[in-house]
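Topology and contacts: notes
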Amino acid sequence: MPNDEQSPPSESPAGEFSRELSLFHITMMGMGMMIGAGVFLGMGISISKAGPGGVVLTFALNGLLAMFTAMSFAELSSAIPRAGGAYNFARIGFGRPASFLAGWMEWFASSVAGSMYAITFSLYSVRFIKNLGWLTTFDMLPGTEVSGPEMMIVKCLAVVTAGLFIYINFRGSRETGKIGAIITMGQAIFVVTIGIFGVITAVKDPSRLANFTPFMPEGWTSLLVTMGFTYVAFEGFEVIAQAGDEAIDPQRNLPKAMIYSVMIVTFIYVLVAFATVVSVKMGTDGVDKAPWLWIGQYKAQGFGAAISKLMPYGNFVLTLAVIFSSTSALNATIYSATRASYALGRDKMLPGVFAAIHKVRKTPWGALCCTAVIVIIVATVLPTEDVVSSSSIMFLFLFFMVNLCVIKIRRSMADELQYGYMMPLFPLFPILAIICQIVLAVWLIHMSVIAWIIAPCWIISGLIIYLLYGRTHTETAEHEILVLEEQSHHDADITSHYPIMVAVANPDNVTELVQATYRLCGAKDAQVELIHMVAVPNQISLTDAEKYTQSGKEAIQEAMLYFSMHFPVSTTIRYCRNIARGIVSAIRAKKTKMLVLGWHGQRSTKKFNIGSTVDPIIEQAPCNVVVLKDCGGNRTFKNILVPLAGGPNGALALEIASIMADSEEQGRITAFKVDTGRSKKKFNMEKFLDVQAERLSIDRKRFTTKTVEAKSPVVAILRESRHYDLVVLGVTYRPLLYQIARQSLPEKIACRCGKPLVMVKSDVGVRSWIKRWI
C-alpha cells in the first residue's frame, strides 16, 4: 500500500494550478466515473449470457483485473504526479510519439464518454418526467429508438447538461471536486440501497438463493464474453491521475484514491449483481420462468425490470440512481479530457491555446473549450453507441500502454524517481493485465465493427497532427535524451560490419580504454560508434547542456586518432540526466551488437554493487556488454584465466579471452572450475570447450582446464588469478532487491581482483529479446 510517510507535494509544471483536491475528492472523482450508466445496462445482458452466478463472477473478476492496472497507474502517479496521466507515463517510458498518441486517445475517449453520459442523463430525465405524469405526448423507454421531435428534446437537454458541467469545470477544481463528490455520494447511496434491499430480501426469504441454480448454465467460457462487455464499467480510476497538479499531497493520495475507488466500486457492483439475481421470485406476478431467464429476456432493461420487483418505488429509485451516475461520470470525464488535452498543449504538442490558464479561476480554459466542442458535437450529431465502443477500445489501448510503461520506467528510471507507492510482486500484475487487455480489445470487434474503423481514423489523424506540428514544436522535458551532436566519419557501405559502441567519458582515461577495445574491433571487423553522455547537474537548464560537452568532444577526438584509420567510425554526444539510460537508449537506436565501457574498479555507491552506471547497463542493455578494468596501456596477455560454469556468458567470456590473448605468443586460456561439492548439476567442461573451440575456429590446444575443490569459489578464483595476466568472467543479471542485499560471485571477484579484468554479459534468451522492446 502507499507509504504512510508524509511527502511534500510536487510543484505543478505550469506553476498556476492550486492544490485543493483532498483524498476524499479524488476518490469520489474516480468512483463517479466508474459507477456510470454502463453497469445498469450491462447487468441484464450479463445475466442472459452467463447466468446468475456468472454475473456476480463477471464483476468480481473484472474488479480484480481493474486492480492490476490500477496498481500500475498508482505507482506511476506517485512518482510522476502531473496532469496528463497516461500521456506523461508514455512520454517518459517510450518518448514523444507514443506519449502524443496516449494523450490524443485519452482526450477523445474521455470526451466521447462524456457525450454518452450527457445523453444517458437526458434519456432518463425524460423518463423520470414522464413517470411524474408531466410528459404524456410520447412513450419512450431506455433502449428504444427515438426520432423526430422526441430526439430533439433529448439532444437539447443533453447539450444543456453538458454545458452545465463544462461551466462547473470552468469554475475550478474546488467546485469540480465538491460537486463531483456530492453527486457521487448520491449515486453511491442509491446503488448501495438497492444492494441492501437485495441482501435483506434474501435473508427474509432464503428460498431466493435458489435463483443461483444453475450457477453457470452457459458454461465457464461465457465469462469471457460478459467480462469483455462490462469491463468498460471499471474505466474511471485513470481520471485520478489527471489530478496530479491539483491534488493535496499527490504522491500519497493519488495511489490511495485509485486503489480505494476500485475496491469500493467492485464491492458495490458485486452487491448490486447479487441483489439483481435475488430480486425476482419464480411464480410471482408475471414471472413464469427461471428468474435468471426472466431477467435476461429484457437484455439492457433487465436490471430495471428486476429492481421494479425488488423494492417499493423501484423504477423511481433506479431512475434517480442512473441520473446521479450519469451526471457524476459526465463531470469526471470532462475533467479528465480537459487535463489530457491541457498536457498536450503544455508540452507544445498541440497549439498554445490548449495550455491557456484562466487568470482568476486557475483552470485550463483553452483545453476545456476544445473538449466542449467534441462533447457537444458527438452528443448532437454522431452515432454515440459506436463511437463509445471506440472510446472503450482506446481506453484498453491506454491501459495496455500504461502497463508497459510501468515495467519500462521501473527498469530504467527507478533510481531517478521518488515513489510514494510501489506495487508488490512486480512485474506479475502488469503482465497479467496486458494479456487480458489484448483479449478484451480483440473481442470488442464483435460488438462494433464501426468502432474498429473510427478508432484507427482518430489515431491516424493524431499521427498527422504530430508529424506536421507536434514533432517540431515540442519542448524537451527533463527526463528526455537530447542528441547534441552526431556525425558519421565514413563514406563506405558499413552494413556488413559488426556494430560496436564504445562509451567514452573524458580524455584522461580514453587512451587506455581505446587501446584495449582496438583488439575487439579488429577481430569483429567492427563499425565503431563512439558515444559520450553529457552529465549536466540537475539544477542546470537543458538549454545549457551544450556548455558541458567540451570534455566529451576532446575524449572523442582522442579516440578517433586510434579508430578512424582502420574502422568506419561514427560519433554521438547526447544529454540525459541518467547516463545509463542514455547509453541504453542509444544502443537501441543504433542497433548495436556490443557495448564496450571502462570501469575504475571501485563501487561508487552502497546501493549498487558494481556502480550506478554499470549496474543498470548490464541489466538493461539489449546487446553483448564488455566491461574493461585496467586492460589498456598496450598490455600483452599470455595467460588468461576464465572461470566457467557453463551458459552463454561463459561462451562469450571464452570468445573475448581468445581475442585479448597475445596472438604472437599464442596466448593460452585456462578454463577454471571450482567444485564446491554442493552442485547437483554436473558441468562437462571438456565438452563445452570442444564446442566453443569449433565455434570460434580456435586450436583446441590453446584451451587448458583446471578444476579445484574448495568451499569458497571466490577465494579459490582470487588465489588462482595471481598467476595470470588477465581474468575474464561472465556477469549474470539478478533482480534489484537481490543486488542490494548481497553481491554475486562475479561481482565479489571483480571488486577484489588486483589483476586486469574483463566482465562480459551475453545477449541471448527471452529476457534479452524483451529488452530490445521494453
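Up top is the structure.
Values in this document were obtained by computation on a predicted structure and should not be read as measured data.

**A look at the packing of aromatic side chains**
Here the distance between the centres and the angle between the planes together describe a pair of aromatic rings. Applying the stated criterion across every chain yields a total of 19 aromatic pairs. Between Phe-73 and Phe-237 the ring centres are 5.6 Å apart and the planes differ by 80 degrees, which places this aromatic pair in the edge-to-face class. Placement of the pair is Phe-73 in helix H2 (residues 37–79) and Phe-237 in the loop between helix H7 (222–230) and helix H8 (250–278), with a sequence separation of 164 residues. Overall, Phe-73 belongs to the buried group, its relative accessible area being 1%. The class of Phe-237 is buried, set by a relative accessible area of 0%. Judged by centre distance (5.7 Å) and plane angle (65 degrees), the rings of Trp-104 and Trp-107 are edge-to-face.

**A word on the pairing of strand S5 (residues 594–598)**
Within S5, four of the five residues are buried, which leaves it mostly tucked inside the rest of the structure. The pairing of S5 with strand S6 (residues 624–629) spans five bridges and is parallel. Bridge pairing links Val-596 to Val-626 in S6.

**Quick word on unusual backbone geometry**
Look at the link from Thr-213 to Pro-214: it is a cis peptide, with omega at 0 degrees. For Pro-214, the position within the fold is in the loop between helix H6 (173–204) and H7. Pro-427 follows Phe-426 through a cis peptide bond whose omega is 0 degrees. Looking at where Pro-427 falls in the secondary structure, it is placed in the loop between helix H13 (384–413) and helix H14 (428–443). Backbone geometry at Leu-425 places phi at a positive 55 degrees, although glycine is not the residue there. Positionally, Leu-425 belongs in the loop between H13 and H14. Look at Leu-425 and you get exposed, because its relative accessible area is 60%. For Ser-697, which is not glycine, the phi torsion reads 55 degrees and is therefore positive. By the secondary structure assignment, Ser-697 is in the loop between helix H21 (685–696) and strand S9 (703–709). With a relative accessible area of 67%, Ser-697 lands in the exposed category.

**Observations regarding the nonpolar core**
Formed by 126 residues in total, the largest nonpolar core has its most connected members in Trp-107, Tyr-269 and Ile-409. Broken down by element, the residue count for this core peaks at 17 residues, all from H2. Counting residues in each nonpolar core, the second largest holds 54 residues, with Val-504, Leu-654, Ala-671 and Met-685 among its members.

**Describing the packing of helix H16 (residues 510–524) against helix H20 (residues 648–660)**
It is at 9 Å that the axes of H16 and H20 come closest, and there the two elements cross at 105 degrees. By the criterion of interaxial angle, the relationship of H16 to H20 is roughly perpendicular. Where H16 approaches H20, its residues Ala-516, Arg-519, Leu-520, Ala-523 and Lys-524 are matched on the opposing element by Glu-655, Ile-656, Ile-659 and Met-660.

**Overview of the state of the cysteines**
In the structure shown here, the tally under the stated rule is zero disulfides. Free of any disulfide, Cys-369 has its nearest cysteine sulfur in Cys-370, 6.9 Å distant.

**Structural notes on a nonpolar patch on the surface**
Together, Ile-460, Ile-464, Leu-467 and Leu-468 make up an exposed nonpolar region whose accessible area comes to about 410 Å². With respect to the helices, strands and loops of the structure, Ile-460 is situated in helix H15 (residues 451–473).

**A closer look at the pattern of salt bridges**
Counted according to the given criterion, the structure contains nine salt bridges. Between Glu-655 and Lys-524 there is a salt bridge whose closest N-O contact spans 2.8 Å. Taken together, the residues span a long stretch of sequence, with Glu-655 in helix H20 and Lys-524 in helix H16 at a distance of 131 residues. Two residues, Arg-695 and Glu-655, come together in a salt bridge whose shortest N-O distance is 3.8 Å. One end of the pair, Arg-695, is in helix H21; the other, Glu-655, is in helix H20, with 40 residues separating them in the sequence. Note on Arg-695: relative accessible area 44%, which makes it partly exposed.

Definitions and cut-offs
- The numbering scheme is per chain: residues are counted from 1 as the chain's sequence reads.
- The predicted nature of this model means local features are confined to residues of pLDDT at least 70 and side-chain atom pairs, given and counted, to a pLDDT of 80 or more, with totals for whole chains, interfaces and linings taken over all residues.
- The basis for every side-chain value is the complete set of heavy atoms in the structure, and neither hydrogens nor water enter the calculation.
- Classification of ring pairs rests on two measures: the distance between centres of Phe, Tyr or Trp rings, Trp counted by its six-membered ring, which must be within 6.5 Å, and the angle between planes, read as stacked under 30 degrees, edge-to-face over 60 and tilted in between.
- Helix and strand definitions here come from DSSP, where helices need a minimum of 4 consecutive H or I residues and strands a minimum of 2 consecutive E residues; each element is numbered from the N-terminal end.
- The classification of residues rests on relative accessible area computed with a 1.4 Å probe and restricted to protein chains. Under 20% of the type maximum is buried, over 50% is exposed, and intermediate values are partly exposed.
- DSSP bridges decide pairing: two strands pair if at least two such bridges lie between them.
- What makes a nonpolar core is a set of buried Ala, Val, Leu, Ile, Met, Phe, Trp, Tyr and Cys residues whose side-chain atoms join them at distances within 4.5 Å.
- Note on geometry: axes are lines fitted to C-alpha atoms, helical ones only across the stretch in contact, with angles between N-to-C directions running from 0 to 180 degrees.
- Any angle that is under 35 degrees is reported as roughly parallel, and any over 145 degrees as roughly antiparallel; angles of 65 to 115 degrees are reported as roughly perpendicular and all others as oblique.
- In what follows, residue pairs with any heavy atoms lying within 4.5 Å of each other are defined as contacts.
- Note on terminology: disulfide denotes any pair of cysteine sulfur atoms within 2.5 Å.
- Each patch is assembled from residues with relative accessible area greater than 30% and no salt bridge, linking like charges that lie within 9 Å and nonpolar side chains (Val, Leu, Ile, Met, Phe, Trp, Tyr) that lie within 5 Å.
- Per-residue accessibility takes into account occlusion by the displayed protein chains alone, with areas from the Shrake-Rupley method and a 1.4 Å probe.
- Whenever Lys or Arg places a side-chain nitrogen within 4 Å of a carboxyl oxygen from Asp or Glu, that contact is recorded as a salt bridge.

These results come straight from atomic positions and should not be treated as a statement about function.
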